[in-house]
Every structure is written in structure tokens, then in C-alpha cells.
Amino acid sequence: MGVVSGLSERELAVLALEARQWRTAGAKERAIREELDLSATRYYQLLNGLLDREEALAHDPVLVNRLRRIRAAKRSQR
């Protein structure tokens, strides 16, 4: 697997998949399995790790900042 600006191809694919619009949760879960060959649990573990990395922020600041805000809001509800 190659590395682009500090992110692996798989990490870039996770960010790209997360940036897509989904009509249903089922479609997203199916794409995670089919396109990335990951379980949903592993996908979200990778995604959360990416949100803490400066390389991901530099790659797609709008997406990463939006996801960071959503994550912070969910944590504050707990």
C-alpha cells in the first residue's frame, strides 16, 4: 500500500467513503464491507484514529473538522 502525504491508501479510502452522501445506513455499511473489506466496527475505529491526525486534517479540513465537531457533541451528551 502506498502512502500519500502521511496517509495510507486505506486511510485515504476511509476518508473518501466518509465524505460521500448516503441515503441509508445500510448502503454505507455495505460499502464499508465491499469496498474496504472492513467490519463496521473496524472502520469506525480507523476513522476515529484519523480524526486525531494532522495529516487527515491537512488532506480534508472541512470533513475532518465536521466529524470532530460531531464526535465532540456525542461525547458531551454522555
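**Q** So what exactly am I meant to see when it comes to the side chain of Arg 71 here?
**A** Examined against the element boundaries, Arg 71 turns out to sit in helix α5 (residues 61-77). Judged by its relative accessible area of 14%, Arg 71 is buried. A distance of 2.7 Å separates polar atoms of two side chains, one belonging to Arg 71 and the other to Asp 52. Contact partners of Arg 71, with chain neighbours within four places excluded, come to Asn 48, Leu 51 and Asp 52.

**Q** Please explain the pattern of salt bridges as it appears in this structure.
**A** Opposite charge on two side chains permits pairing when their charged atoms draw close. Scanning the model with the defined rule gives five salt bridges in all. Taking the shortest distance from any N to any O, the salt bridge between Glu 11 and Arg 53 comes out at 2.6 Å. Of this pair, Glu 11 sits in helix α1 (residues 9-19) while Arg 53 sits in the loop between α3 (40-51) and α4 (54-59), and the two are 42 residues apart along the sequence. Relative accessible area serves as the criterion here: at 24%, Arg 53 is assigned to the partly exposed category. In the salt-bridge network here, residues are joined through shared partners; they are Glu 11, Arg 53 and Glu 55.

**Q** When you look at the confidence of the model for the chain in this model, what are you seeing that I'm missing?
**A** Residues shown with low pLDDT carry predicted positions that ought not to be read at fine detail. The predicted model of the chain has a mean per-residue pLDDT of 92, with 95% of residues at 70 or higher. Here strand β1 (residues 3-4) stands out as the least confident element of the chain, with mean pLDDT 57; α3 is the most confident, with 96.

**Q** Looking at this structure, I do not really get the packing of aromatic side chains. What am I missing?
**A** The geometry of an aromatic ring pair comes down to the distance between the two centres and the angle between the two planes. Under the criterion given, the structure shown has one aromatic pair. An angle of 85 degrees between the planes, with centres 4.9 Å apart, marks the rings of Tyr 43 and Tyr 44 as edge-to-face.

**Q** What's the story with the layout of surface pockets in this structure? I'm lost.
**A** A water-sized probe, rolled over the atoms, reveals where empty space remains. The calculated volume of the largest pocket comes to roughly 330 Å³. In terms of lining, the largest pocket is formed by 13 residues, of which the most central are Tyr 44, Asn 48, Ile 70, Arg 71 and Lys 74. Listed by contribution, the elements that provide at least two residues to the lining of the largest pocket are α3 and α5. Among the elements that line the lining of the largest pocket, the one with the most residues is α5, at six residues. Looking at the lining of the largest pocket residue by residue, the classes come out as five nonpolar, one polar and seven charged.

The rules we used
Residues numbered from 1 in each chain as written. Predicted model: local features only at pLDDT ≥ 70, side-chain atom pairs only at ≥ 80, totals over all residues. Heavy atoms only, no water. Helix = DSSP H or I, 4+ residues; strand = E, 2+ residues; numbered from the N terminus. Buried < 20%, exposed > 50% of the residue type's maximum accessible area, 1.4 Å probe, protein only. Polar contact = N/O pair within 3.5 Å; in protein donor to acceptor, adjacent residues only side chain to side chain. Contact = heavy atoms within 4.5 Å. Salt bridge = Lys/Arg side-chain N within 4 Å of Asp/Glu carboxyl O. pLDDT = per-residue confidence, 0-100. Phe/Tyr/Trp six-rings, centres within 6.5 Å; stacked < 30°, edge-to-face > 60°. 1 Å grid on protein atoms, 1.4 Å probe; cavity = no way out; pocket = protein on both sides within 12 Å on 5 of 7 lines; lining within 4 Å. Points joined across faces, edges and corners; volume = space filled by probe spheres on them. Nonpolar A, V, L, I, M, F, W, Y, C, P; charged D, E, K, R; others polar.

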